[in-house]
Amino acid sequence: KQWYQRRVRASLVDKQRRKLDNLMARIDKPINIPERPKEWKPADPKEFVRNVMGSSAGAGSGEFHVYRAIRKRTMQREEYLSKKKEETDAQKEFNKRVAESREKEEAKTAKKRLKRQKRKANKKKPKVVEVEESDESQIEDLEAGDTAISKEDSENINKEDSSIHEVDKTLETLTESNKEVD
């Protein structure tokens, strides 16, 4: 090799490309895809531990190491259990927040849907246009489905609507007062 053909250190992309090229060159060869490693779980505690004196007086020189190993396993087990509890609590909190936000979004969507339906129903409802009796050009300008009424009739309808509205209000107040009495 000459001085200008020196080997350049391969980047991660080059290494990945080389691996893929090797795999594609031997396409009939099966590939071993490793399984995901299982989560570490501490061993269950022994039901009965014999002759453990711990670090108290009368223990032999080897007994302390046995006591220390048992205590270490116990501490690992407690740490594992506390982490598991934190994970489950965090997952419950997350699920709760997701459910709350979903309910909030559904309520918002329902409100907007109702608004759209009202708007659509109002579009289908024919318009009532006030027209002076002497002006026939306004009647000709009406779209199909619109109704022309005189101003006097319009005022009568508005009075009836307001009186109906007042009756509804009085009924509501009466029912509320009856509920309070009960």
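Residues numbered from 1 in each chain as written. Predicted model: local features only at pLDDT ≥ 70, side-chain atom pairs only at ≥ 80, totals over all residues. Heavy atoms only, no water.

### Some thoughts on the overall build of the protein
At step 1: Helices and strands together make up the secondary structure of the protein, namely four helices and two strands.
At step 2: Starting at the N terminus and ending at the C terminus, the protein contains elements arranged as α-α-β-α-β-α.
At step 3: Within the protein, buried positions represent 5% of all 182 residues.
At step 4: The long-range fraction of contacts in the protein, counting pairs at least 24 apart against all pairs at least 6 apart in sequence, stands at 22%.
At step 5: When the accessible surface of the protein is totalled, it reaches about 18,100 Å², and 52% of it is carbon and sulfur. (Helix = DSSP H or I, 4+ residues; strand = E, 2+ residues; numbered from the N terminus. Buried < 20%, exposed > 50% of the residue type's maximum accessible area, 1.4 Å probe, protein only. Contact = heavy atoms within 4.5 Å. Areas by Shrake-Rupley, 256 points an atom, 1.4 Å probe, with all protein chains shown as cover.)

### Describing a positive patch on the surface
At step 1: A grouping of Lys 108, Lys 111, Lys 112, Arg 113, Lys 115, Arg 116, Arg 119 and Lys 123 is seen on the molecular surface, where their side chains present a positively charged patch.
At step 2: Summarising the element assignment, Lys 112 is placed in helix 2 (residues 63–124). (Patch = residues over 30% accessible without salt bridge, like charges linked within 9 Å, V, L, I, M, F, W, Y side chains within 5 Å. Salt bridge = Lys/Arg side-chain N within 4 Å of Asp/Glu carboxyl O. Lys, Arg positive; Asp, Glu negative; His and termini not counted. Charge placed at Lys NZ, Arg CZ, Asp CG, Glu CD.)

### A short note on the pattern of salt bridges
Opposite charge on two side chains permits pairing when their charged atoms draw close.
At step 1: With the rule as written, the count across this model stands at four salt bridges.
At step 2: For the salt bridge of Arg 17 with Asp 14, the shortest nitrogen-to-oxygen distance reads 3.1 Å. Of the two residues, Arg 17 and Asp 14 both sit in helix 1 (residues 12–25), three residues apart, roughly one turn of that helix.
At step 3: Of the residues examined, Arg 17 reaches a relative accessible area of 46% and is grouped as partly exposed.
At step 4: Note that Glu 39 and Lys 84 form a salt bridge whose closest N and O atoms lie 3.3 Å from each other.

### Quick word on the packing of aromatic side chains
Given two aromatic rings, their pairing is described by the distance between the two centres and the angle made by the two planes.
At step 1: Counted according to the given criterion, the structure contains one aromatic pair.
At step 2: Their ring planes at 90 degrees and their centres at 6.1 Å tell us that Trp 40 and Tyr 80 sit as a pair that is edge-to-face. Of the two residues, Trp 40 sits in the loop between helix 1 and helix 2 while Tyr 80 sits in helix 2, which places them 40 residues apart along the sequence.
At step 3: Taking relative accessible area as the criterion, Trp 40 reaches 52% and is therefore assigned exposed. (Phe/Tyr/Trp six-rings, centres within 6.5 Å; stacked < 30°, edge-to-face > 60°.)

### Some details on the side chain of Arg 77
At step 1: One can find Arg 77 in helix 2.
At step 2: Summary of buried charges: Arg 77 has no salt-bridge partner, and the nearest side chain of opposite charge, Asp 44, is 6.5 Å away.
At step 3: Setting aside its immediate chain neighbours within four residues, Arg 77 contacts Pro 42, Ala 43, Asp 44 and Pro 45.

### A short note on the layout of surface pockets
At step 1: Quantified by volume, the largest pocket comes out at close to 190 Å³.
At step 2: Residue lining of the largest pocket: 12 residues in total, with Asp 44, Pro 45, Lys 46, Arg 73 and Arg 77 positioned closest to the centre.
At step 3: For the lining of the largest pocket, the per-class residue count stands at six nonpolar, two polar and four charged. (1 Å grid on protein atoms, 1.4 Å probe; cavity = no way out; pocket = protein on both sides within 12 Å on 5 of 7 lines; lining within 4 Å. Points joined across faces, edges and corners; volume = space filled by probe spheres on them. Nonpolar A, V, L, I, M, F, W, Y, C, P; charged D, E, K, R; others polar.)

### A closer look at the confidence of the model for the protein
At step 1: Taken as a whole, the protein shows an average pLDDT of 76; of its residues, 60% reach a score of 70 or greater.
At step 2: No element of the protein has a lower mean pLDDT than helix 3 (residues 136–140), which averages 52, and none a higher one than helix 2, which averages 91. (pLDDT = per-residue confidence, 0-100.)

### Re the environment of Ile 70
At step 1: Tracing the chain through its elements places Ile 70 in helix 2.
At step 2: The exposure class of Ile 70 is partly exposed, given its relative accessible area of 23%.

### Topic: a negative patch on the surface
At step 1: Together, Glu 93, Glu 100, Glu 103 and Glu 106 make up a region of like negative charge exposed at the surface.
At step 2: Within the fold, Glu 100 resides in helix 2.

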